[in-house]
Structure formats: C-alpha cells, structure tokens
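# Chains, contacts and geometry: an overview
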4 protein chains.
Amino acid sequence: MKFLHNIGRIEAFSDAVFAFAATLMVVNFDLDTDLTLSKTDATGFLSFAVSFFVLVALWWAHYNFFRRTKYMDNVLIALNALLLFVVLYYVFPLKSLVHSWMGEGVKTKEDLSNLFVMYGIGFSLIFFCFSGMYFRAYKKSKSSEKSLNLYFYARHFAIFVLVSLISIVLALFGFGIEFGLPGFFYALLGPLCYLHSKQFYKRYELN
Amino acid sequence: MKFLHNIGRIEAFSDAVFAFAATLMVVNFDLDTDLTLSKTDATGFLSFAVSFFVLVALWWAHYNFFRRTKYMDNVLIALNALLLFVVLYYVFPLKSLVHSWMGEGVKTKEDLSNLFVMYGIGFSLIFFCFSGMYFRAYKKSKSSEKSLNLYFYARHFAIFVLVSLISIVLALFGFGIEFGLPGFFYALLGPLCYLHSKQFYKRYELN
Amino acid sequence: MKFLHNIGRIEAFSDAVFAFAATLMVVNFDLDTDLTLSKTDATGFLSFAVSFFVLVALWWAHYNFFRRTKYMDNVLIALNALLLFVVLYYVFPLKSLVHSWMGEGVKTKEDLSNLFVMYGIGFSLIFFCFSGMYFRAYKKSKSSEKSLNLYFYARHFAIFVLVSLISIVLALFGFGIEFGLPGFFYALLGPLCYLHSKQFYKRYELN
Amino acid sequence: MKFLHNIGRIEAFSDAVFAFAATLMVVNFDLDTDLTLSKTDATGFLSFAVSFFVLVALWWAHYNFFRRTKYMDNVLIALNALLLFVVLYYVFPLKSLVHSWMGEGVKTKEDLSNLFVMYGIGFSLIFFCFSGMYFRAYKKSKSSEKSLNLYFYARHFAIFVLVSLISIVLALFGFGIEFGLPGFFYALLGPLCYLHSKQFYKRYELN
C-alpha cells in the first residue's frame, strides 16, 4: 500500500535547520564582541555576513529544487538529510574561519593547502547532493519539458562537483598553492556553466 | 520555463529566524541571572522585554507585508534575506545594550553619538528593506487598488529611512547630542507619517 | 482596504518559539551533567521533565485556542506575543528552580513567599492572555454555538487568573506560608472549574 | 461541540524540535574543536554524524507515521510529546557518549552494563511511543486496508520494544557483558521483523 509523501514537512524540517543555523551564527558572534557594539570590528561583522549569506544562498538553491519538482521519495529524503548534514558541518566553522583568517591570515603553505582540501570536500559534497537530487527527480519525472529542466540542473551542479574535485587534487599536490590557484580555479564555474547552458539549450532546442 | 514561487517557505524560513532570535534572548538572559529568579533585577527584565517586543514588532511588519501581496520573486527573496540579516545583527546586541545602559548609563558624549549612528544605520537598513520590498511588489502588481496600497507603504517606510538618515547626520556632527536630539528626532515619524497618509489619501481619493 | 490574516504564520511563529524553548532546556541540562549519562541524578532529570511538560501543556492550550476559532486580528496577535513573552520568561528559570529546589530545598519562609508571588504572577499573566484571547474571539465571533464555546473558555481561564491572584495575596501577607498554603490553593482550580462548567452548561442548556 | 484537529501544527512543532536538536549538535561540536577545522579529529566528526543521523532516522519514522494516518486526538498528542521528550533526553548525551567512548573507551564492565541499561531504556521508550501511536491510530481508524497497515506497524515497533527490554535484562544481570552481548542482541531485530512481516502478510493475505 502506498502513502503520499508530505513534501511540506521535508521543507519545514529543512527550513528550520537553515533558519536555526543562520540565527545561531549571530548569537556566537554576539559573545565574541563587547557589549556596546560601538567597537565592533570589521572582522566580526564580515565573518558573520559571509556565513549568513552562504547559508541563505544554499537555502535558496534548496528552495529552488523544491519549486522545480513535486517528486519525493525516500532516496530524496536521504540525499536531503546528507545535504543538511554537510551544510551544518561546513558552514559553522566557516564563520570562525573567516574570523581567524582576517585576524591573522593563514601562516603556512600547508595550512592553506589543508584549507582548500577541507572546503573543497564540503563544496563538492553539497553540490553532489543537489546534483543527485535533481538527477533522481529527473529519472522519476513524467512530464517531458519539466524533466528536461531537472536534467539541466543535475548536469549544472555536476559541473560544480567536478570543478571542486579538480581544485582538491591541485591543493593536495600543492600545485600553485602560493598563488592560491586551487581557490581561483572556482572562477572557472562561470564560463563552464555558461558553455554548458548554451550547448544544452542548443541540443534540446529550448529558448 | 517558469516555476511558481512557494511563498509559504519564505514565510516559514523568516518565521523560524524571528522565533529563534526571540527565544535565544531569554536564554542568554537566564544565564545572566541567578537561579532562584527572586532577585531578578529590573534591568535584566527590561532589556529582555525591549528586545523581545522589538523583534515581535519587526515580525509583525514582515507578516503584514506578506499579507498585502502575493507577489514573489528573487529580488524580494534577496531583500528579505538582507532584512533578516540586519535584524539579527542589530537586535541581539540591543539586549546587552539596554542591559548595560540601564546599569551604568552612557558615559561620554562620543559614546552616545556612536550609539545613535550605529542604531540609526540599523534602523534605516531595516526600513529600507521594507520600503524596497513594498516598492518592488507595487511595480510588479497588476490589480490597481492593491498596488496603490503597496505604493502607500513603500512611501510610508521610506519616511522611516529618511528620518533615520537625518538623525545619523545629526549624530555624526554632534548636533544637539547633549539633549539627545538625534534620538528625539525619531518622534517626527508620528506627524510625518500622519501628513503623508492624509496627503496620499487625498490625492488618490481613497477613504 | 482589508487584507486577510494568515493564521498559519502566527501558529508557525508560536510553534517555533515553543519547540525551541523545549529543545533548549535539554541542551542546558546536558551541560550540567557529566558526559556518560550513567551518573545522571534524578534532580536533573526531573527538572528537565517538569519544564518540558509544562511547555508542552501550554503549547497544547495554545493549540486548542487556534482550533476553536478562525478569528484573528491585531489584538489577538498582541495578546499572543505577550503570552509567548511570559511563557519564555517564566519557563526557563523554572528548570533551574526545580533543580535547585530539589538539591537544597528552599531555606527561609521569605524565599518561599517570594517564589509563590513570582510564579503566581507568571501563572496569572499566562492565563490572563488565554482568557483575553478567548474573550476577544468570542466578542468578534458570528456563529452562535461556536461563540458560546469561546465564552466558556474565556470564563474558564478567568478562574485560573482569579485563583492565582488570591494565592499571590496570600503569599504577600505570609498567610499560611509554613504549610505551603498559597501553593495548595491552586488545588481549588479543580472544583471551581467543575462548578463553573456545570453551571454554564445548565444556563445555556448545552450537553 | 467538536473541533477539528490541526495535524499540521503538531507536525510543525515536532519538526521544529527535531530540526533544532539536529542543529544544536553541530553547534556544541563547534565549541569542542579549534577554529581552523583543519585539525578536526575523526572522533568529533563521527560523534556528530552518528547523533545527527540517529535524529534524522527518528524524524523519518515520525514523518512516516503522519503519512500513514490522518487520525489525531489528545492521546496521540500526549504520546507524541512523550516521544519528543525521550528523543531529546537521549539523543543529546549520545553525542558526548560517542565522543568520549571513542576517545578513551569504556573502562569497566559495570560502566558498559550501565550504558546498555540506560540506552536500552531510551530505545524501548522511543519505540513504545511509536508502537502506541500506531496502535491508537489503528483502533480509531475506519478504512479496513489502512487500519491493517497501521496494525502491522504497531506490532513491528512492539518487536523493537521487546528486544530492547530483553537486552536491558541481559545487561542488568551482566549476562555476556564482556562480549557486548546486550548490544549485539539488537541484531535480532532484522530476522525478527522479517519473520513478523512474512507471517503478517500471509495471515491477512496482503501482497
């Protein structure tokens, strides 16, 4: 016997996790600064702002996925749970990271390499979840035009995973660490996604 | 291909952020006082009460915006995220501020001036977001009577932004700091909004 | 121009506040005990249990109000905000209170008297909000049978307020403090509510 | 006079509790580690991962219950509140437990026995709530096929309770503690649930 999935609850659960994480960041921030706020240093503000808007951006990507499909099954629930896990695990230290990084800077080449590897893993895991969710929804989708759209985003986020994996390899072999190459490598996302989008629209004759 | 926006999720995300922020305030408060509550000083109570009801008032303004329009797009989502950011950033220290201010009072003219500038910026940013959201919804709205209503509120909250900007300038130049002039300047909101409302209703022949 | 109220958002905001408060209690609790849980003392468990179920009971009363009426206006929103404020303000220290009370006991008559006054005020404020919300919804309600039901609960919770006010007066004048009389006085709620219910059903010929 | 239950609010309340608990775990985790994340030890990561996914699994079981029935009454609300209470009470120390256990290992046989008893109680209480909720919904359900499904899960989760109760007894009498027998005993859940499912499907001729 089949029971309908209740997408609203999965959204509500995810929303609460995102909202809570965003709110907790400002609380930790409050503890770091002194009472009057008048001497708040730019570091604290920026570290909070960066992690808050990274979280909101991820929430937005999540929100868009659930707008684009009404398909839901246990595989999607599992991918969604993995996504929330990776987001929580990586975004919280991100704030402290920005904070400490602006305060003192990263000292050694090895530290920088570690950093690129750690955040590369987080980045690739997050977009692996998104890509997987779109791919799963695409596979199970009936309507032809909608499913193409889901397929597009599955490939779109797969590019994110690919780029971050190459960046991790670069960082592991210390290739161009002194110029921050593994970091700048993410700039490739722009042109790659543009090319993919153009080629995709051409092949399937969309507009 | 177009997908419908899911306003419910944006509301749920915002509600969760407001609710957590409100709840977290009482938690911090709990840590400041001793266990039995019988010796709770008026300062702690007032600082919690002020920040809780400021948050509820902002939630209420947010709630009213979403009642007045069903329009939603990515610009509104971005403005909403900025609004939540500013609210979190300013309301948390507000509690500590009231707490410390009642305990000792602000000592120097410069501190007071800083305070007016800091909170003026927060105030103007919050109402800039509200005004912007109403303006965006007005621009995109179809039905004529509803859109007039949105236009009214866009201008209404623009007055808030204007008044706080002038108050910031007064505080920056130390004009009338000794009498708390930049603070009392906010009292102008009452008559200004009344005049605006009267003039607006007259021009568009509403009642 | 009139806009519909969105009761769902007020419920969502309140739910998040209640849920968050309930969750935060177990977190604080976690910090008080040692890691292995095997030596968790009965005090810690009981103090968490008491405050958790008090919160759930208040959530339940709140839930029932919103089941019984679909009426909503700004007065109800304000009463609801006041209710959440009082709940947060009183329930958090409740846990520490139970914890410390079981650990050492209240030492002096004066402490006990203070306690009864403090919690009497919280109790009466909470049920004043509930009574007020029911009364407001009753006043504005159209359908005759439903409105009678709301009137019943408005009076029902008014009894709670009355009993706690008398208990506060008893505690203030130290009347029977040594026997815990102001506390036992709450036991009157049972027979009083029973009598009220019987008399109410008789007068309005309900069954 | 009867009022409809609002299942959405009970789900929202529960979702918020689960979501906060999951988020709070990563926050505590953040405090334990140093700022740069590069030296995060495997222990911290695993303890967070275990408790996060235990929480998500319990949320999933909860989610499935509400998918399978639309019945709701005050008994179910009470069982749900008890479930949330036990989940919060047991899952939070679980993280510290995994953390400390991986760090040093459990030292004495007695400690291990205590552990099995404590977590056995938590396990049995959680699934007692689930079993009770399914049983209640089954008793009150009208449609015949749906009610069979609810009956199946009531019995399914009753097996969980039974197995954990036997494991508790084993641990109390120190039977096979040195081999971790009370722990491995939970492996019986697999075959037992399989047998139950087969026998149940046969008797009621489902497929």
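It should be emphasised that the depicted structure is a prediction, and the values quoted were computed from it without experimental measurement.

## A word on the overall build of chain A
- Helices and strands together make up the secondary structure of chain A, namely 7 helices and 0 strands.
- Helices (α) and strands (β) of chain A occur, in sequence order from the N terminus, as α-α-α-α-α-α-α.
- Taking all 207 residues of chain A together, the buried fraction comes to 55%.
- Nonlocal contacts in chain A, meaning residues at least 24 apart in sequence, comprise 78% of its contacts between residues at least 6 apart.
- Only carbon and sulfur atoms are counted for the fraction: they give 67% of the accessible area of chain A, which is about 9,500 Å².

## Observations regarding the relation of the copies chain A and chain D
- For the pair chain A and chain D, the relating rotation is 90 degrees, the translation along its axis is 0.0 Å, and the fit reaches an RMSD of 0.0 Å. In symmetry terms, the pair is related by a four-fold rotation axis. By C-alpha distance to the rotation axis, the residue of chain A lying nearest is alanine 16 of chain A, at 4.3 Å.
- Counting the interface residues of chain A, we find that no more than 6% of their copies in chain D are interface residues as well, pointing to two distinct contact surfaces.

## Regarding the interface of chain A and chain D
- With 34 residues of chain A at the interface, the matching set in chain D holds 34 residues.
- Across the interface of chain A and chain D, roughly 3,300 Å² is buried in total on both sides, 73% from carbon and sulfur atoms.
- Connecting chain A to chain D are 1 salt bridge.
- Residue arginine 9 of chain A is joined to aspartate 15 of chain D by a salt bridge in which the shortest nitrogen-to-oxygen separation is 2.6 Å.
- Elements represented by at least two residues in the side of chain A that touches chain D include exactly helix H1 (7-32), helix H3 (74-104) and helix H4 (109-140) of chain A.
- At 14 residues, the largest contribution of residues to the side of chain A that touches chain D is made by H3 of chain A.

## A word on the environment of asparagine 149 of chain C
- Following the sequence through the fold, asparagine 149 of chain C ends up in helix H5 (residues 144-172).
- A C-alpha to C-alpha distance of 9.6 Å links asparagine 149 of chain C and threonine 69 of chain C, two positions 80 residues apart in sequence.

## Brief notes about the pattern of salt bridges
All names here are of chain D.
- By the definition in use, this model includes 8 salt bridges over all chains.
- Between aspartate 73 and arginine 136 there is a salt bridge, with the nearest N and O atoms lying 2.6 Å from each other. Linking aspartate 73 in the loop between helix H2 (42-68) and helix H3 (74-104) with arginine 136 in helix H4 (residues 109-140), this pair joins segments that are 63 residues apart in sequence.

## Some remarks on the UniProt feature "transmembrane region" (unreviewed entry) in chain A
- As recorded in UniProt, the sites labelled "transmembrane region" (unreviewed entry) are residues 12-31, 43-63, 75-92, 112-135 and 156-177 of chain A.
- Secondary structure across residues 156-177 of chain A divides into 77% helix and 0% strand, with the first and last C-alpha atoms of the span separated by 27 Å.

## Examining the relation of the copies chain C and chain B
- For the pair chain C and chain B, the relating rotation is 90 degrees, the translation along its axis is 0.0 Å, and the fit reaches an RMSD of 0.0 Å.
- A share of only 6% of the interface residues of chain C reappears at the interface of chain B, consistent with the copies meeting through non-equivalent patches.

## A look at a nonpolar patch on the surface
- On the surface, Val169, Leu172, Phe173, Phe175 and Leu181 of chain A cluster together into a nonpolar patch covering about 550 Å² of accessible area.
- The topology assignment puts phenylalanine 173 of chain A in the loop between helix H5 (144-172) and helix H6 (181-184).

## Quick word on the interface of chain C and chain B
- Listed as interface residues are 34 residues of chain C and, on the opposing side, 34 residues of chain B.
- Regarding the contact of chain C and chain B, the summed buried area is about 3,300 Å², with carbon and sulfur atoms giving 73% of it.
- Run the count over chain C and chain B and you get 1 salt bridge.
- Remark: the boundary between chain C and chain B carries 7 residue pairs in polar contact (both at pLDDT 80 or more).
- Secondary-structure elements contributing two or more residues to the side of chain C that touches chain B are helix H1 (7-32), helix H3 (74-104) and helix H4 (109-140) of chain C.
- Among the elements that take part in the side of chain C that touches chain B, H3 of chain C stands out by supplying 14 residues, more than any other.
- Looking at the side of chain C that touches chain B residue by residue, the class counts come to 26 nonpolar, 7 polar and 1 charged.

## Let's talk about the confidence of the model for chain A
- Summarising the model, chain A shows a mean pLDDT of 82, and 85% of its residues fall at 70 or more.
- Note on residues 30-39 of chain A: pLDDT is under 50 here. Beyond four places in sequence and across chains, it has 18 contacts.

## Looking at helix H5 (residues 144-172) of chain D
- When the terminal C-alpha atoms of H5 of chain D are compared, their 42 Å separation across 29 residues agrees well with the 42 Å that a helix rising 1.5 Å per residue should span.
- A positive backbone phi angle near 65 degrees is found at glycine 174 of chain D, which sits one or two residues after H5 of chain D.

## Let's talk about the packing of aromatic side chains
- For the coordinates displayed, the defined rule picks out 134 aromatic pairs over all chains.
- Ring plane angle 85 degrees and centroid distance 5.2 Å describe the contact between phenylalanine 52 of chain A and phenylalanine 53 of chain A, whose orientation is recorded as edge-to-face.
- Look at phenylalanine 53 of chain A and you get partly exposed, because its relative accessible area is 32%.
- Taking 6.1 Å as the distance between ring centres and 15 degrees as the angle between the ring planes, the aromatic pair formed by phenylalanine 85 of chain C and tyrosine 89 of chain C counts as stacked. Of this pair, phenylalanine 85 of chain C and tyrosine 89 of chain C both sit in helix H3, 4 residues apart, which is roughly one turn of that helix.

## Some words on the packing of H4 of chain A against H5 of chain A
All names here are of chain A.
- Two numbers describe how H4 lies on H5: the axes approach to 8 Å, and their chain directions differ by 160 degrees. As judged from the angle between their axes, H4 and H5 are roughly antiparallel. Viewed along their axes, H4 and H5 form a crossing whose handedness is left-handed.
- When grouped by side-chain class, the residues that make up the contact of H4 with H5 number 23 nonpolar, 6 polar and no charged.

## Overview of the packing of H5 of chain C against helix H7 (residues 189-203) of chain C
Residue and element names in this part refer to chain C.
- The geometry of H5 relative to H7 is characterised by a closest axis approach of 10 Å and an angle of 155 degrees between their N-to-C directions. Here H5 lies roughly antiparallel to H7, going by the angle between them. Considering how the two elements wind past one another, H5 and H7 form a crossing that is right-handed. Along its contact with H5, which presents Leu148, Tyr151, Phe152, Arg155, His156, Ile159, Phe160 and Val163, the element H7 presents Leu189, Leu192, Cys193, His196, Ser197, Gln199, Phe200, Tyr201 and Arg203.
- Class assignment of the residues belonging to the contact of H5 with H7 gives a composition of 11 nonpolar, 4 polar and 2 charged.

## Observations regarding the side chain of threonine 69 of chain C
Residues and elements named next belong to chain C.
- For threonine 69, the position within the fold is in the loop between helix H2 (42-68) and H3.
- Judged by relative accessible area, threonine 69 falls into the buried class, the value being 7%.
- One polar contact links the side chain of threonine 69 to the main-chain amide nitrogen of tyrosine 71, over a distance of 2.9 Å.
- Once you skip the residues sitting within four places of it in the chain, threonine 69 turns out to touch Ala137 and Leu150.

## Digging into the side chain of serine 147 of chain D
Residues and elements named next belong to chain D.
- Inspection of the secondary structure assignment puts serine 147 in helix H5.
- Judged by relative accessible area, which is 11%, serine 147 ranks as buried.
- Discounting chain neighbours no more than four positions away, the residues touching serine 147 are Tyr138 and Ser141.

Thresholds, definitions, all that
- Residues numbered from 1 in each chain as written.
- Chains lettered and ligands numbered in written order.
- Predicted model: local features only at pLDDT ≥ 70, side-chain atom pairs only at ≥ 80, totals over all residues.
- Heavy atoms only, no water.
- Helix = DSSP H or I, 4+ residues; strand = E, 2+ residues; numbered from the N terminus.
- Buried < 20%, exposed > 50% of the residue type's maximum accessible area, 1.4 Å probe, protein only.
- Contact = heavy atoms within 4.5 Å.
- Areas by Shrake-Rupley, 256 points an atom, 1.4 Å probe, with all protein chains shown as cover.
- Least-squares fit on C-alpha atoms with pLDDT ≥ 70 in both.
- Buried area = accessible area lost by both parts, 1.4 Å probe.
- Salt bridge = Lys/Arg side-chain N within 4 Å of Asp/Glu carboxyl O.
- UniProt positions renumbered as here; feature names shortened; annotations may be inferred.
- Patch = residues over 30% accessible without salt bridge, like charges linked within 9 Å, V, L, I, M, F, W, Y side chains within 5 Å.
- Polar contact = N/O pair within 3.5 Å; in protein donor to acceptor, adjacent residues only side chain to side chain.
- Nonpolar A, V, L, I, M, F, W, Y, C, P; charged D, E, K, R; others polar.
- pLDDT = per-residue confidence, 0-100.
- Expected span 1.5 Å × (residues − 1).
- Phe/Tyr/Trp six-rings, centres within 6.5 Å; stacked < 30°, edge-to-face > 60°.
- Axes fitted to C-alpha atoms, helices over the stretch in contact; angles between N-to-C directions.
- Parallel < 35°, antiparallel > 145°, perpendicular 65-115°, else oblique.
- Left-handed = near helix turned anticlockwise from the far one by under 90°.

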